[in-house]
Amino acid sequence: MSATTKLTATRLNRLFLAGELSAEEIVEAYLERIQAVDGQVGAYLTVTAAEARERARKLDARRKAGDTALGPLAGVPVAIKDNICTQGIRTTCASRILENFVPPYDATVVSRLQAAGAIIIGKTNLDEFAMGSSTENSAFQVTRNPWDISRVPGGSSGGSAAAVAADLCAAALGSDTGGSIRQPAALCGVVGLKPTYGAVSRYGLVAFASSLDQIGPITKDVADAALLLSVIAGYDRRDSTSHPDADRLQRIQLPTDPNLSGIRVGVPREYFAQGVEPGVRQAVEQAIAKLAELGATVDEVSLPHTEYALDAYYIVATAEASSNLARYDGVRYGLRAEADSVTEMYLRTRQQGFGLEVKRRIMLGTYALSAGYYDAYYKKAQQVRTLVIRDFEAAFRRFDVLVAPTSPTVAWGLGERLDDPLAMYMADILTIPANLAGLPAISIPCGLSQGLPVGLQIIGRHFDEPTVLRVAYAYEKVTQHHQTRPALGQ
Ligand code: GLN
């Protein structure tokens, strides 16, 4: 199997710009690997082979003509989660209701990737409308964990994480509403970064829960995460939640020296409570010891409202989802069922078009927002959200970053949690608080437990991705965990 597909985005770009690898060679290596391996993994819903080849030819021609403005991702094949719009390319959200939806425009992140020279290689599988933690809620196919194909890759960006882990793309984009970038990255042994709310434009991201959704990179190492972030971050007037400070993230310098003296690391006690597997706890504790060896000061901290975060999330997220998903009525997008009346058409379209989990969320959210229940549920959840935010504000007066496990467990078996929605929801218990507070957080590989990857989560202050990435990069420099790869197909 070609060694090309093992390279990081940073390295591929360097080799392409130096003329050592053509974009066509790179694209062919990936298409060959997808052909050979994706039958086992199931990461892609759509492979854009023709478009990728065409784009590679153009990039090669520009390079040969001496173009010096090819961009920091020139020649790099990137996969896009299939809830991010790509002009002229089917964007399904892994839902029957959008099975044949072809967007007339690109999401801002896609335009930005392309302006930086990236080659879109395909669209990846997800839980329907990004609702889930295992990618099993896709209406179309199962995605398997490249470390053990009898296990889930995590979710909802499971296709993107599995594609990066199995070398089926150099890097990928995911979306994270309650953990959907970090949790699959942890379970697949790759790097996943959820940026600050407002740092990356969501124009063209199919909305799930608008006060929580963020797009971010899934990559093979921390330097690539910084590179992709610098390309996709930035103010965008087409997203009303976009923040002017986002432009600052386009210039992130990673220090070459891994010394962390002066960095204050907080370890939230509540994130190590019941439910965290001993093997996960051990790997994370070793990682924390490593940060101390690098010169960081480490101390325990309490985030006392952590135990209410999951409950608040499942009110806020479902309430927002129920109104966001009202637009799928058979009139404007995708599927339309046959019926004698308009009302009957709405009902049948939504009955046939949405899967079980999506229907469950719409019902929960509609209930939480309805007259008489709004104060008891939605308003209460918003108040809890404020308490979670205040916990973080207090912690960040004493600490620069907070570190914890990303997921309480390693990857579980396919089907194991399908009949138990609560067990599935628990998978995000450690990632959801950062979404409620809009904070940046990364997951990086920190070792194995039972032969499966464990993720270390690093949470930072708003728009302080530079410090989050600095700590992650220092850790990665002095450890080998990100180089341990799954055996699949090698
Ligand atoms: N697993 C969580 C949920 O199902 C988070 C999903 C996400 O971040 N998109 O809501």
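From N to C terminus, the protein includes 15 helices and eleven strands. For the protein, whose C-alpha radius of gyration is 21 Å, the value lies close to the compact-globule estimate of 23 Å for 490 residues. Overall, the protein is about 65 × 55 × 45 Å in size when its C-alpha atoms are taken along their principal axes. For the protein, the proportion of its 490 residues judged to be buried stands at 60%. As displayed, the protein has an accessible area near 18200 Å², and 50% of this comes from carbon and sulfur atoms. On the protein, the mean spot of the 49 positive side-chain charges and the mean spot of the 52 negative ones are 3 Å from each other.

Here the focus is the confidence of the model for the protein. Predicted confidence across the protein gives a mean pLDDT of 96, with 99% of residues reaching 70 or more. Per-element confidence in the protein is highest for strand β2 (residues 77-81), whose mean pLDDT is 99, and lowest for helix α13 (residues 421-426), whose mean pLDDT is 87.

This part takes up helix α9 (residues 306-324). Counted at 1.5 Å a residue, the expected span for α9 with its 19 residues is 27 Å, and the 27 Å between its end C-alpha atoms agrees. Of all the bends in α9, the greatest, near 25°, is centred on A312. Along α9, 15 of the 19 residues are buried, which leaves the element largely enclosed by surrounding structure.

The full set close to the ligand counts 15 residues, and G178, S180, Y313, R361 and D428 are the nearest of them. With respect to the ligand, the backbone of G178 contributes an N or O atom lying 2.6 Å from an oxygen atom. One of the side-chain N or O atoms of Y313 is found 2.6 Å from an oxygen atom in the ligand. The protein chains hide 100% of the 290 Å² of surface that the ligand would expose on its own. Grouping the constituent residues of the shell around the ligand by class yields five nonpolar, seven polar and three charged.

A separate point is the packing of aromatic side chains. Centre distance and the angle of the planes are the two values used to describe a pair of aromatic rings. Counted according to the given criterion, the structure contains 13 aromatic pairs. On the numbers, 5.8 Å between centres and 85° between planes, the contact of F101 with Y333 is edge-to-face. Pair noted here: F101 is in the loop between β2 and α4 (108-115) and Y333 is in the loop between α9 and α10 (342-353), with a separation of 232 residues, a long-range link. Taking the centre distance of 5.8 Å and the plane angle of 50° together, the rings of Y367 and Y377 count as tilted. With Y367 in helix α11 (residues 356-369) and Y377 in helix α12 (residues 375-398), this pair connects stretches of sequence that are ten residues apart. For Y377, a relative accessible area of 34% puts it in the partly exposed group. Each residue in the set F101, F129, Y328, Y333 and F354 is aromatic and connected to the rest through ring pairs, giving one cluster.

Another point: the pattern of salt bridges. A pair can form between side chains of opposite charge whenever their charged atoms are brought close. Scanning the model with the defined rule gives 22 salt bridges in all. Between E54 and R57 there is a salt bridge whose closest N-O contact spans 3.1 Å. With E54 and R57 both in helix α3 (residues 49-64), this residue pair falls three residues apart, about one helical turn. Between D236 and R238 there is a salt bridge, with the nearest N and O atoms lying 3.6 Å from each other.

This next bit is on the side chain of T5. You can see T5 is positioned in the segment before α1 (9-17). The exposure class assigned to T5 is buried, which follows from its relative accessible area of 1%. If sequence neighbours within four positions are ignored, T5 has contacts with A29, Y30, R33, D167 and K220.

A few words on α4. Looking at α4, one finds that the buried residues are T108, V109, V110 and L113. One or two positions beyond α4, positive phi appears at G117, with a value near 95°.

Further remarks concern the state of the cysteines. Using the criterion set out here, one finds zero disulfides in the structure. Its sulfur unpaired, C85 is 7.4 Å from the next cysteine sulfur, which belongs to C93. Since its relative accessible area comes to 3%, C85 is described here as buried. Free cysteine: C188, not disulfide-bonded; nearest cysteine sulfur from C169 at 11 Å.

Moving on: the environment of E99. Following the sequence through the fold, E99 ends up in the loop between β2 and α4. E99 gets classed as partly exposed once you look at its relative accessible area, which sits at 26%. The spatial distance from the C-alpha of E99 to the C-alpha of Y333 is 10.0 Å, given a sequence separation of 234 residues.

Conventions adopted
Throughout, residues of each chain are indexed from 1 in the direction in which the sequence is written. Per-residue local features are limited, in this predicted model, to residues with pLDDT of at least 70; the limit for side-chain atom pairs, both in listing and counting, is 80 or more; totals at the level of whole chains, interfaces and linings are taken over all residues. Side-chain figures throughout are based on the complete set of non-hydrogen atoms in the structure, without hydrogens or water. Numbering of helices and strands starts at the N terminus; helices are DSSP runs of H or I of at least 4 residues and strands are runs of E of at least 2. With the radius of gyration taken over C-alpha atoms, the globule rule is written as 2.2 Å times the number of residues to the power 0.38. Throughout, exposure labels follow a simple rule: accessible area from a 1.4 Å probe, protein chains only, divided by the maximum for the residue type, with under 20% read as buried, over 50% as exposed, and the rest as partly exposed. Surface accessibility in these figures is a Shrake-Rupley result with a 1.4 Å probe; residues are shielded only by whichever protein chains are displayed. We treat Lys and Arg as the positive residues and Asp and Glu as the negative residues; His and chain ends play no part in the count. Charge coordinates come from a single atom per side chain, which is NZ of Lys, CZ of Arg, CG of Asp or CD of Glu. pLDDT measures the predictor's confidence residue by residue and takes values from 0 up to 100. Expected helix span is given by 1.5 Å per residue-to-residue step, counting one fewer step than there are residues. By definition, a residue's bend is the angle between the axes fitted to the seven residues ending there and the seven starting there. Summary of the distance rule: residues count as near a molecule or strand when at least one heavy atom falls within 4 Å of that molecule or strand. Contacts described as polar in this section are N or O atom pairs within 3.5 Å, which, within protein, must combine one atom able to donate a hydrogen with one able to accept it, while residues neighboring in sequence count only if both atoms come from side chains. Basically, the charged four are Asp, Glu, Lys and Arg, the nonpolar ten are Ala, Val, Leu, Ile, Met, Phe, Trp, Tyr, Cys and Pro, and anything else, Gly included, counts as polar. Aromatic pairing here means that ring centres of Phe, Tyr or Trp (its six-membered ring) are within 6.5 Å. Orientation follows from the plane angle: under 30 degrees is stacked, over 60 is edge-to-face, and everything else is tilted. When a carboxyl oxygen of Asp or Glu lies within 4 Å of a side-chain nitrogen of Lys or Arg, that pair is called a salt bridge. Contact between two residues is taken to exist if any of their heavy atoms lie within 4.5 Å; hydrogens are not considered. Disulfide assignment relies on a single distance test, namely cysteine sulfur atoms paired within 2.5 Å.

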